[in-house]
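Structural characterization, general
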Amino acid sequence: MSEPDPAASEMPKRAFRLMVREYALVRDLAVTPVNLDWAAPSVQEAVNFLLSQKLVTQEGKIVSISDRGRALLELPILSQTAYTVAFDPTKLDG
């Protein structure tokens, strides 16, 4: 009988997942805010989700990265597919 992999016990039972395009938007916002007047509808849709997760802030039509969004960018990626990126939510929230 083989012993359990210690790395496997460190994997969280749940993961915080973002669509790749949402994660890319958070990365972009770390560089410069976005004006929603010039954003495509898909960006506005992603912003709504990111606002609900407190990864971005919005003042008028200007969207910027939040402290929580910056913290997310510092986390290691647990897994990634062609469509999603996963993080350990316990490390995001403290």
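Here's a quick rundown of the structure. As the structure is a prediction and not an experimental result, all values here were calculated from the model.

1. Points about unusual backbone geometry
- Even without a glycine there, the phi angle at lysine 54 is positive, about 60 degrees.
- Mapped onto the elements, lysine 54 comes out in the loop between α3 (41-52) and β3 (56-59).

2. Side note on the packing of helix α2 (residues 20-31) against α3
- The geometry of α2 relative to α3 is characterised by a closest axis approach of 10 Å and an angle of 80 degrees between their N-to-C directions. Classified by the angle their axes make, α2 and α3 are roughly perpendicular. Touching Arg21, Glu22, Leu25 and Val26 of α2 are Ser42, Val43, Glu45, Ala46, Val47, Phe49 and Leu50, all from α3.
- Taken together, the residues of the contact of α2 with α3 sort by class into seven nonpolar, one polar and three charged.

3. Describing the packing of aromatic side chains
- All told, the structure shown has one aromatic pair when counted by the stated rule.
- An angle of 45 degrees between the planes, with centres 5.4 Å apart, marks the rings of tyrosine 23 and phenylalanine 87 as tilted. Of this pair, tyrosine 23 sits in helix α2 while phenylalanine 87 sits in strand β6 (residues 84-87), and the two are 64 residues apart along the sequence.
- Owing to a relative accessible area of 9%, tyrosine 23 belongs among the buried residues under this scheme.
- A cation sits over an aromatic face here: arginine 68 above phenylalanine 16, 5.7 Å from the ring centre.

Cut-offs applied
- Residues numbered from 1 in each chain as written.
- Predicted model: local features only at pLDDT ≥ 70, side-chain atom pairs only at ≥ 80, totals over all residues.
- Heavy atoms only, no water.
- Helix = DSSP H or I, 4+ residues; strand = E, 2+ residues; numbered from the N terminus.
- Axes fitted to C-alpha atoms, helices over the stretch in contact; angles between N-to-C directions.
- Parallel < 35°, antiparallel > 145°, perpendicular 65-115°, else oblique.
- Contact = heavy atoms within 4.5 Å.
- Nonpolar A, V, L, I, M, F, W, Y, C, P; charged D, E, K, R; others polar.
- Phe/Tyr/Trp six-rings, centres within 6.5 Å; stacked < 30°, edge-to-face > 60°.
- Buried < 20%, exposed > 50% of the residue type's maximum accessible area, 1.4 Å probe, protein only.
- Lys NZ or Arg CZ within 6 Å of the ring centre and 35° of its normal.

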